[in-house]
Amino acid sequence: MTSRIPRDSRLRLVRPRPLAAAPSAVNQRRPRRPAPRPPEGTPAPAELARMARSGLAPAARVARWADAALGPGSDAATADGKATLADATAERAARDLGLTPDRVRADWDTARLAGLIEVHGASARPGWRLRAWDRDDSAVLRGWVALFDAWSLATPEPGDQEPATVAEVVSAMPQVLSFLQLSAGPVPVDQLLDLLRQRVTELRTERCEVVYDADTTPDAASAAGNAPARPALAAAAGPAESEAEPADPAQAAELAPLLDWALHALASVGALTYGDGQATLTPLGSWAVWVKLEQICVAAQSPAGNIEQSAEDMLRGCAQLRPNAARAEYRAWLAARPVGSAVTELLAAARGEDALLRGLAFEALRVVGAPAEPDVRAVVDEPALRPYALLWLAEHDGVDPEDAHEVLTREEATWLWVDTAAAVADHGEAPMLVRHLESALQPTVPALLKEVRAVGHPRTVQVLVALAAAHPDPALAKAVRRAAFQVHTGGH
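All of these numbers come straight from a predicted model, not from anything done at the bench.

**Q** When you look at the overall build of the chain in this model, what are you seeing that I'm missing?
**A** For the chain, the count of helices and strands is 24 helices and five strands. Contacts in the chain between residues far apart in sequence, at least 24 positions, make up 68% of those at least 6 positions apart. Of the roughly 24900 Å² that the chain leaves accessible, carbon and sulfur atoms contribute 54%.

Structure (structure tokens):
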């Protein structure tokens, strides 16, 4: 190197320029939008975490047992490399914990869905949330939300129902949960069934699946099929206020057992209570639905003031910015701190659970350039960071960004596809997730699902569940849901 500028210079990444040309975010801080407050009566985060710990205590107990009893050199934890506990392992756990084998299996499945256990082949290892379980309330709440997101896997679906109808009910349940959250109290199941029927009708209308009956003329049916669908939350104000058609007894009879299954599954994960002909969100369930509504409805935070934030908060503030604006924020943030500590902080953010922050952290590291190379090379052996690091190093070595993906193996590229899909599922919209399906290397969906199942990404189940709920093709959604269930149970 011929430059005499120290590698840790705070001004290395910023060109000299007049003060008047500096961004307004540095010259004059705009008032930040206050963080939205949860509805009145919502318990404090510490109390919510206590509730989540209590509900997941049996799963955490089994996870800790597995951590101690199924370490390196022990017998295989799972049967034939599947995620289902081997019979001998389940019986051993039952003896040690004073439980029945069936109870152990149920708690094992809950621990996997909550991220307390990660299964790799025939071995199991504790998830990072288990390590932080007693000291980190946010880790506990994230684990419970992961279980809540996978509610449709918590209880087997009715075997005598059409898979396409099951997929429609899973897609419609967020609106039902929104209505429960806005109601802030018990809601009769009949009212929820009417709302579910309306939403399923909307989903079918969006696919132009118009049902003709004896009293429906072709013109009327055509008009119904061309009518614009209501927004997803439009009917959340209550079935009485919507303009839906009168209830169809046959459709209500078709959906009633599926609503019963969905409510029982949500009750099993602690999201609601269900009995005496009515359902009520628990405080945890109400909080989780509110958080998801806020993620949809609240505009992205202004980037002003990100220069003073931690790496994680800065990246979150830049998540909705266009690439050029985000790079400007990265430069301002990097210029305010030594390069060495900034790179360390960015890599720490990349190691977190949020896949979106992982990708953004490496975008910020691209702005750092050469000073980040030693640290990036040092994380190549970390599975979660390896694909990102290899792409970064390839581009740093002069490979065209369009061709950089060629440095990845098929497995690494598939892992990166799942990780990116997790970011889209957490922060994007359903059409984005559907479009992401088209970016896969595999030529067919069955080939993609086979390789996704084999790659072992910890978010595979959640990604497949979200993709199945988002995709408009019932047959493809069915295949993806089946793959999610097979990953969940370890089947083939």
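**Q** Honestly, helix α9 (residues 163–183) in this entry has me stumped. Any pointers?
**A** Since the α-helix packs 3.6 residues into each turn, any two residues three or four apart lie on the same face. Between its terminal C-alpha atoms α9 stretches 30 Å, which fits the 30 Å expected from 21 residues at 1.5 Å a residue. Along α9, the largest kink reaches about 35° and is centred on Ala-172; proline Pro-174 follows within four residues of it. Burial analysis of α9 places 15 of its 21 residues in the buried class, which makes it a mostly covered element. Immediately beyond the C-terminal end of α9, within one or two residues, lies Ala-184, with a positive phi of roughly 55°.

**Q** Looking at this model, I keep getting lost on unusual backbone geometry. Mind explaining?
**A** Across residues other than glycine, the phi torsion is negative in most instances, and most of the peptide bonds are trans. Of note in the backbone geometry, Ala-184 takes a positive phi value of approximately 55° without being a glycine. Residue class for Ala-184 comes out exposed when judged on its relative accessible area of 71%.

**Q** Sorry if this is basic, but what is going on with the nonpolar core here?
**A** General note: in soluble globular proteins, nonpolar side chains tend to be found buried as a group. In this structure, Met-173, Phe-362 and Leu-365 are the most contacted members of the largest nonpolar core, which totals 141 residues. A total of 10 residues in this core trace back to one element, the largest contributor, which is helix α17 (residues 355–368). Setting aside residues no more than four positions away along its own chain, Phe-362 makes contact with Leu-347, Ala-350, Val-376, Leu-385, Tyr-388, Ala-389 and Trp-392.

**Q** Would you explain the environment of Lys-450 in this entry?
**A** In this structure, Lys-450 sits in helix α22 (residues 445–455). We classify Lys-450 as exposed; its relative accessible area is 64%. In sequence terms Lys-450 and Ala-483 are 33 residues apart; their C-alpha atoms lie 8.3 Å from each other.

**Q** Help me out: how do you make sense of the pairing of strand β5 (residues 278–281) in this one?
**A** Every other side chain in a regular strand lies on the same face of the sheet, so the side chains alternate between the two faces. Side chains Ala-279 and Leu-281 project from β5 onto a buried face, and the interleaved Gln-278 and Thr-280 project onto a face without burial. Alignment of strand β3 (residues 187–188) against β5, held across two bridges, turns out to be antiparallel. What sits directly across from Pro-188, in β5, is Gln-278. The sheet contact formed by strand β4 (residues 272–275) and β5 spans four bridges and is antiparallel. In the strand pairing of β5, Gly-275 is matched with Gln-278. In textbook terms, the turn of a hairpin is the stretch between consecutive antiparallel strands, and for β4 and β5 this stretch comprises two residues, one of which, Asp-276, has a positive phi near 55°.

**Q** In this structure, what is going on with the confidence of the model for the chain? I would like to understand it.
**A** Reading fine detail from the predicted coordinates is not recommended where pLDDT is low. Here the chain averages 77 in pLDDT, while 78% of its residues score no lower than 70. Mean pLDDT values over the elements of the chain span from 32, in helix α1 (residues 24–27), up to 93, in helix α2 (residues 45–55). Here residues 1–33 is modelled with pLDDT under 50, and outside its nearest four sequence neighbours on either side it reaches 44 contacts, counting other chains as well. pLDDT under 50 marks residues 298–304. Its contacts with residues more than four places away, or in other chains, come to 11 contacts.

**Q** In this structure, what is going on with the packing of aromatic side chains? I would like to understand it.
**A** Both the distance between ring centres and the angle between the ring planes are used here to describe each pair of aromatic rings. Within this structure, the stated rule accounts for three aromatic pairs. Where Trp-151 meets Trp-261, the ring centres are 5.4 Å apart and the plane angle is 50°; that geometry is what we call tilted. Taken together, the residues span a long stretch of sequence, with Trp-151 in helix α8 (residues 151–154) and Trp-261 in helix α12 (residues 249–268) at a distance of 110 residues. Comparing Trp-151 with Trp-261, the two get one shared label, buried.

**Q** Would you take a moment to explain the sheet that holds β5 for this structure?
**A** Paired through their backbone hydrogen bonds, the strands of a sheet run either parallel or antiparallel. The strand order β3-β5-β4 describes an open sheet built from three strands, whose pairing is antiparallel. Looking along the sheet, the strands with just one partner apiece sit at the ends: β3 and β4. Contacting β4 and β5, α12 crosses the sheet at an angle of about 130° to β4.

**Q** Looking at this structure, I do not really get the packing of helix α19 (residues 386–396) against helix α20 (residues 410–427). What am I missing?
**A** Helices that pack against each other are described as a pair by the angle of their axes relative to one another and the distance between those axes. At a minimum axis distance of 9 Å, the contact between α19 and α20 shows a crossing angle of 110°. Between α19 and α20, the angle falls in the class roughly perpendicular. Across from Arg-386, Pro-387, Tyr-388, Leu-390 and Leu-391 in α19, the residues of α20 making contact are Glu-412, Trp-415, Leu-416, Asp-419 and Thr-420. Its residues placed into classes, the contact of α19 with α20 shows six nonpolar, one polar and three charged.

**Q** Explanation requested: the environment of Gly-369 in the structure shown.
**A** Within the secondary structure layout, Gly-369 lies in the loop between α17 and α18 (373–378). Non-local contacts of Gly-369, meaning those with residues more than four positions away in its chain, are made with Trp-392 and His-396.

**Q** What's the story with the pattern of salt bridges in this structure? I'm lost.
**A** Two side chains of opposite charge can pair, provided their charged atoms sit close to one another. Summed over all chains, the structure comprises 24 salt bridges. With a shortest N-O distance of 2.7 Å, Asp-67 and Arg-131 are connected by a salt bridge. With a gap of 64 residues between them, Asp-67 in helix α3 (residues 57–69) and Arg-131 in helix α6 (residues 128–131) connect regions that are remote in the sequence. Residues joined by salt bridges that share partners form a network here, namely Arg-129, Arg-142, Glu-312, Arg-316, Glu-353 and Asp-354.

**Q** What's the story with the environment of Val-176 in this structure? I'm lost.
**A** Here Val-176 is to be found in helix α9. Considered as a pair, Val-176 and Leu-196 are 20 residues apart in the sequence and their alpha carbons are 6.6 Å apart. Discounting chain neighbours no more than four positions away, the residues touching Val-176 are Leu-192, Leu-195 and Leu-196.

Parameters and conventions
- Residues numbered from 1 in each chain as written.
- Predicted model: local features only at pLDDT ≥ 70, side-chain atom pairs only at ≥ 80, totals over all residues.
- Heavy atoms only, no water.
- Helix = DSSP H or I, 4+ residues; strand = E, 2+ residues; numbered from the N terminus.
- Contact = heavy atoms within 4.5 Å.
- Areas by Shrake-Rupley, 256 points an atom, 1.4 Å probe, with all protein chains shown as cover.
- Expected span 1.5 Å × (residues − 1).
- Bend = angle between axes of the 7 residues up to and from the residue.
- Buried < 20%, exposed > 50% of the residue type's maximum accessible area, 1.4 Å probe, protein only.
- Core = buried A, V, L, I, M, F, W, Y, C linked by side-chain atoms within 4.5 Å.
- Pairing = 2+ DSSP bridges.
- pLDDT = per-residue confidence, 0-100.
- Phe/Tyr/Trp six-rings, centres within 6.5 Å; stacked < 30°, edge-to-face > 60°.
- Axes fitted to C-alpha atoms, helices over the stretch in contact; angles between N-to-C directions.
- Parallel < 35°, antiparallel > 145°, perpendicular 65-115°, else oblique.
- Nonpolar A, V, L, I, M, F, W, Y, C, P; charged D, E, K, R; others polar.
- Salt bridge = Lys/Arg side-chain N within 4 Å of Asp/Glu carboxyl O.

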